[in-house]
Amino acid sequence: MMDKALSDRKVKSVVICGHNGKFCGGADIREFSSPLTGPLLIPVIQGVESAAKPVVAAIEGVALGGGLELALGCHYRIANSKARLGLPEVHLGLLPGAGGSQRLPRLIGVPAALDLITTGRHVTAAEALQLGLVDRVTDRNTVDEAVKFALSVADQSPQSRRISTFPCPRHPDLDALFEDVMQRVRQRARGALAPVACVRAVRAAATLPFPQGMERERELMATLFTSGQARAQQYHFFAQRAVGRWSMPSGARWDKTKPVAVHKAMVIGLGTMGRGIAVALVQAGVSVVAMETNEKQLTDAKQAISSMLERGAKRRGVAPALDKIRYSSDHSRRSRSALTGGP
Ligand SMILES: CC(C)(COP(=O)(O)OP(=O)(O)OC[C@H]1O[C@@H](n2cnc3c(N)ncnc32)[C@H](O)[C@@H]1OP(=O)(O)O)[C@@H](O)C(=O)NCCC(=O)NCCSC(=O)C[C@@H](O)CCCCCCCCCCCCC(=O)O
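Reading the values: rules and limits
Residues numbered from 1 in each chain as written. Predicted model: local features only at pLDDT ≥ 70, side-chain atom pairs only at ≥ 80, totals over all residues. Heavy atoms only, no water. Helix = DSSP H or I, 4+ residues; strand = E, 2+ residues; numbered from the N terminus. Rg over C-alpha atoms; globule rule 2.2 N^0.38 Å. Contact = heavy atoms within 4.5 Å. Areas by Shrake-Rupley, 256 points an atom, 1.4 Å probe, with all protein chains shown as cover. Lys, Arg positive; Asp, Glu negative; His and termini not counted. Charge placed at Lys NZ, Arg CZ, Asp CG, Glu CD. pLDDT = per-residue confidence, 0-100. Domains from an automatic or database assignment. Pairing = 2+ DSSP bridges. Axes fitted to C-alpha atoms, helices over the stretch in contact; angles between N-to-C directions. Near = heavy atom within 4 Å. Polar contact = N/O pair within 3.5 Å; in protein donor to acceptor, adjacent residues only side chain to side chain. Phe/Tyr/Trp six-rings, centres within 6.5 Å; stacked < 30°, edge-to-face > 60°. Buried < 20%, exposed > 50% of the residue type's maximum accessible area, 1.4 Å probe, protein only. Lys NZ or Arg CZ within 6 Å of the ring centre and 35° of its normal. Parallel < 35°, antiparallel > 145°, perpendicular 65-115°, else oblique. Left-handed = near helix turned anticlockwise from the far one by under 90°. Nonpolar A, V, L, I, M, F, W, Y, C, P; charged D, E, K, R; others polar. Salt bridge = Lys/Arg side-chain N within 4 Å of Asp/Glu carboxyl O.

To continue, consider the overall build of the protein. Each helix and strand in the protein was counted, giving 13 helices and eleven strands. In terms of C-alpha radius of gyration, the protein reaches 29 Å, well past the compact-globule figure of 20 Å for 343 residues. Counting only C-alpha atoms and orienting by the principal axes, one finds that the protein spans roughly 90 × 45 × 45 Å. Counted over contacts in the protein with a minimum sequence separation of 6, partners at least 24 positions apart contribute 72%. With an accessible surface of roughly 19,300 Å², the protein has 55% of that area assigned to carbon and sulfur atoms. Between the averaged position of the 46 positive side-chain charges in the protein and that of its 29 negative side-chain charges there is a distance of 6 Å.

The next subject is the confidence of the model for the protein. Mean pLDDT over the protein stands at 94; residues scoring 70 or higher make up 97%. Scoring of the predicted complex yields 0.82 for pTM and 0.96 for ipTM.

The next thing to look at is the domain arrangement of the protein. With domains assigned, the protein is organised as domain 1 (12-229) and domain 2 (262-340). Taken over C-alpha atoms, the centre of domain 1 sits 55 Å from the centre of domain 2.

Glancing now at the sheet that holds strand β2 (residues 55-59). The strands making up a sheet associate through backbone hydrogen bonding, with each pair oriented either parallel or antiparallel. One open sheet accounts for four strands, arranged β1-β2-β4-β7; its pairing is parallel. Taken across any chain shown, the strands that pair with only one partner, and hence form the sheet edges, are β1 (14-17) and β7 (136-138). Averaged over all neighbouring strand pairs, the angle between strand axes comes to 25°, with direction disregarded.

Not every one of the 25 residues close to the ligand is listed here, only the nearest: Gly66, Glu69, Glu89, Arg241 and Arg245. Take Ile29: an N or O atom from its main chain is 2.9 Å from a nitrogen atom of the ligand. In this structure, Gly66 approaches the ligand through a main-chain N or O atom, which is 2.8 Å from an oxygen atom. Calculation on the ligand without its partners gives an accessible area of 1,300 Å², and the protein chains cover 65% of this total. Elements that contribute at least two residues to the shell around the ligand include exactly α3 (66-73), α10 (210-225) and α11 (228-243). Among the elements that make up the shell around the ligand, the one with the highest residue count is α11 (three residues).

The sheet built from three strands is open, its strands ordered β3-β5-β6 with mixed pairing. With partners counted over all chains shown, the strands left at the sheet margins are β3 (62-64) and β6 (123-124), one partner each. In terms of strand pairing, β3 meets strand β5 (residues 84-86) through three bridges, oriented parallel. Residue pairing in the sheet places Leu64 in a bridge with Gly86 of β5.

Here the focus is the packing of aromatic side chains. Considering all chains together, one arrives at three aromatic pairs under this definition. Plain terms: the ring middles of Tyr76 and Phe149 are 4.9 Å apart, the flat faces sit at 70° to each other, and that makes the pair edge-to-face. In this pair, Tyr76 sits in strand β4 (residues 76-80) while Phe149 sits in helix α7 (residues 142-152), placing the two residues 73 residues apart along the sequence. Between Phe237 and Phe238, the aromatic rings sit 5.1 Å apart at their centres with planes inclined by 90°, giving edge-to-face as the arrangement. Residue classification places Phe238 among the partly exposed positions, given a relative accessible area of 24%. Residue placement shows Arg30 over the ring face of Phe238; its charged tip is 4.1 Å from the ring centre. The cationic tip of Arg241 hangs over the ring face of Phe237; the distance from NZ or CZ to the ring centre is 3.8 Å.

A word on the packing of helix α4 (residues 100-108) against helix α9 (residues 193-207). The description of two helices packed together rests on the angle between their axes and the distance between the axes. Here α4 crosses α9 at 55°, and the two axes come no closer than 8 Å. By the criterion of interaxial angle, the relationship of α4 to α9 is oblique. At the point where α4 passes α9, the crossing takes the right-handed sense. Residues Ser101, Gln102, Pro105 and Arg106 of α4 form the contact with α9, whose own contacting residues are Ala201, Val202, Ala204 and Ala205. Among the residues forming the contact of α4 with α9, the class breakdown is five nonpolar, two polar and one charged.

Take the pattern of salt bridges next. Within the structure shown, the criterion is met by eleven salt bridges. Asp135 is the partner of Arg161 in a salt bridge, and the nearest nitrogen-oxygen pair spans 3.0 Å. Pair noted here: Arg161 is in the loop between α7 and α8 (174-189) and Asp135 is in the loop between α6 (125-131) and β7, with a separation of 26 residues, a long-range link. You can call Arg161 partly exposed: its relative accessible area is 23%. The exposure class of Asp135 is partly exposed, given its relative accessible area of 31%. Here the salt bridges do not stand alone but share partners, grouping Asp115, Arg121 and Glu127 into one network.

Structure follows, in structure tokens:
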């Protein structure tokens with residue numbers, strides 16, 4: 001489709017937009033665990049950037065990772081005011097490996113690029129405009145606005161808009177900047193490889209011509225790509241989302257099941273954990289029967305729980321709810337209807 005638009009002489013300028021209100025969330029992370037297939041992103045982006053006619057990115061929803069890298073290959077970027085942009089690869093144990101580490105510093109400067117790439121944070125459209133990451137922000141239909149804009153620049157050469165040809169904005173003391181950032185990033189990274197590789201890649205952008213910078217980006221990415229850390233962080237990405245789908249054996253789920261109010265509970269075993277659970281329940285207004293068969297443990301627990309409740313009440317400026325808890329050493333009185341929790 002893109003090849004067709006770029007080679008058709010009747011087409012004077014092109015708009016790239018997403019689907020369902022989202023520009024692009026980046027590469028499919030699931031594909032990273034099997035041999036890569038499909039058109040490789042780097043040549044696709046190079047093809048867009050080197051097009052002889054203006055190409056405009058219409059950014060709605062999100063432009064993340066490879067999605068933002070694609071937008072950086074376009075000659076103009078127009079974002080919806082609700083859009084979010086970012087290069088979050090560092091959270092997946094990677095770096096922006098489709099030219100993002102080389103184009104972003106050339107567009108917004110080294111300090112801002114280091115911030116976005118090493119933290120992976122998303123920016124709003126307003127911040128993106130302030131940084132110079134996008135050219136315009138609109139509250140209206142983004143694709144319509146981008147089409148209007150593309151028509152208005154259709155007779156202009158995109159030559160001066162190719163980010164890969166920009167010199168990296170000068171910084172008064174590049175060595176000191178990188179030394180300082182590297183030290184802070186290493187401290188924060190606690191052994192993670194990706195944030196450090198991100199700093200190295202941006203340094204390549206600041207010190208090398210674009211083609212050599214891309215080569216350095218590729219080398220650094222190749223090391224990260226196959227690392228155990230990247231695999232672990234990508235597993236973590238999907239595991240976090242799987243948490244929301246988790247259900248009880250009965251089929252109950254956090255989002256589909258009505259919570260039942262708990263007024264009474266029994267805590268069996270008053271070791272360290274049991275005491276803490278009893279205190280938390282009482283402080284939440286639940287009446288507790290605290291059961292412990294070991295007499296010595298029971299005596300100690302009564303004292304410990306009372307003083308925890310008194311300290312907590314003092315902090316919150318309320319009376320301690322000592323009447324909400326009863327103690328028992330009689331295991332046979334264990335109730336089946338109550339919420340129970342153990343040591
Ligand atoms: C996009 C989001 C903001 C959406 O959030 P939302 O809350 O709406 O929804 P969910 O988060 O619940 O997601 C819904 C659903 O979608 C799944 N999903 C989301 N994003 C992805 C994704 N990127 N890939 C796959 N699946 C995704 C999610 O799991 C949910 O499904 P589920 O079934 O689990 O419920 C939000 O989702 C988000 O923030 N997504 C991640 C955005 C991101 O991190 N993007 C960056 C991706 S990495 C990337 O783009 C890399 C690029 O830099 C390009 C790299 C170029 C590759 C070059 C490779 C060279 C390698 C050389 C190696 C050589 C090795 C050798 O020598 O062999």
